[in-house]
Amino acid sequence: MRRLPLRLMRSAASALRGPAATHGGFPATPALHPAAVAATPSSPPADLSRWPQRRGYSQFASGFTPLKPKPLGSIIDVERAKGLSPEHLVAAWDDYHLGRGHIGASMKTKLYHLLEQRSSTCRHFVIPLWKGSGYTTMFMQVQMPYMIFTGLEDYKARGTQASPYYTVTHYTEFAETKDTVLIRGDVVFTSKLTDPEAKTLLETAHSFYLNDVRYRLVERFNKETHEFEFRDVLQVLDMPTM
């Protein structure tokens, strides 16, 4: 495994802790989305293949409160990081997050801008996550540079009182100078989501916004909800519709 200048990473215990549901600045109250509410919590997956037609589905949910994420400077020594090449910065960032209960990732600035552009008008989506012999459906809310994920059933049952399972922050401090956006994911409820599942969820979420074919489903969910079919998401991900 590569051993790069990890001294640039902050070692304080506080820098290793992910945000709590109510103390990390991340809202514990994701806004209700009519399409998600319309699905019956106790229904089998096949029943989620179509959301019933209702008025108002094209209207965006509101209530995404401003976040106060962990500053990048509390995780890494920004001044030291400025002296690293983009490749060494990304490698150090990835190595630092291994085994720490957090997810480390990165992307090119061009992709981040595309993600930012597309999510500005399509802030919500549902993603099936494979667990054991089946899958659970996650509801995501996006307002860049942040993403918040919670279980769809918790979201439907608790509405604005539902707490996030997983929060993601995109750090743009090196977007212009190193063509690199650093990404950190924090699992809030480890009983609900493992690190490998969180990594898969982040990669899948990015793919739906950055892949042109998959993004059409995101647009449909947000703008033409009466045309949205959950089975299309399953098919794109090669998951059984049951």
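Now for a description of the structure that goes with this document. Since the model is a prediction, treat every value here as computed from it, not as a measurement. (Residues numbered from 1 in each chain as written. Predicted model: local features only at pLDDT ≥ 70, side-chain atom pairs only at ≥ 80, totals over all residues. Heavy atoms only, no water.)

Remarks on the overall build of the protein chain
Along the protein chain, the regular secondary structure elements total eight helices and six strands. Reading the secondary structure of the protein chain in the N-to-C direction produces α-α-α-β-α-β-β-β-α-β-β-α-α-α. Across the 242 residues of the protein chain, 49% fall into the buried class. Taken as a whole, the protein chain presents about 11600 Å² of accessible surface, with 50% of it coming from carbon and sulfur. (Helix = DSSP H or I, 4+ residues; strand = E, 2+ residues; numbered from the N terminus. Buried < 20%, exposed > 50% of the residue type's maximum accessible area, 1.4 Å probe, protein only. Areas by Shrake-Rupley, 256 points an atom, 1.4 Å probe, with all protein chains shown as cover.)

Thoughts on the pattern of salt bridges
As a working rule, side chains carrying opposite charge can pair if their charged atoms are close by. Overall, the coordinates contain nine salt bridges when judged by the stated rule. Close ionic contact of Arg-158 with Asp-154 constitutes a salt bridge, the shortest N to O distance being 2.8 Å. Taken together, the positions of Arg-158 and Asp-154, both in helix α5 (residues 152-158) and four residues apart, correspond to about one turn of that helix. Residue classification places Arg-158 among the partly exposed residues on the basis of a relative accessible area of 47%. Accessibility expressed as a relative area gives 17% for Asp-154, which makes it buried. Salt bridges sharing common partners tie together Asp-154, Arg-158 and Lys-192. (Salt bridge = Lys/Arg side-chain N within 4 Å of Asp/Glu carboxyl O.)

A few points about the sheet that holds strand β1 (residues 102-107)
Here six strands make up an open sheet; going across it, the order is β1-β6-β5-β4-β3-β2 and the pairing antiparallel. Of all strands in the sheet, those with a lone pairing partner are β1 and β2 (124-131), marking the two edges. Between one strand and the next, the sheet's axes are offset by a mean angle of 25°, whatever the strand orientation. Note: strand β3 (residues 134-143) against strand β4 (residues 146-151), six bridges, orientation antiparallel. Opposite Met-140, over in β4, you have Phe-149 as the bridge partner. Taken strand by strand, helix α4 (residues 109-119) contacts β1, β3, β4, β5 (166-171) and β6 (181-187), and its axis lies near 105° from that of β1. The strands touched by helix α6 (residues 195-210) are β1, β2, β3, β4, β5 and β6; relative to β2, the strand with the most contacts, the crossing angle is about 140°. (Pairing = 2+ DSSP bridges. Axes fitted to C-alpha atoms, helices over the stretch in contact; angles between N-to-C directions. Contact = heavy atoms within 4.5 Å.)

The quantities given are spatial measurements derived from coordinates; they are silent on function.
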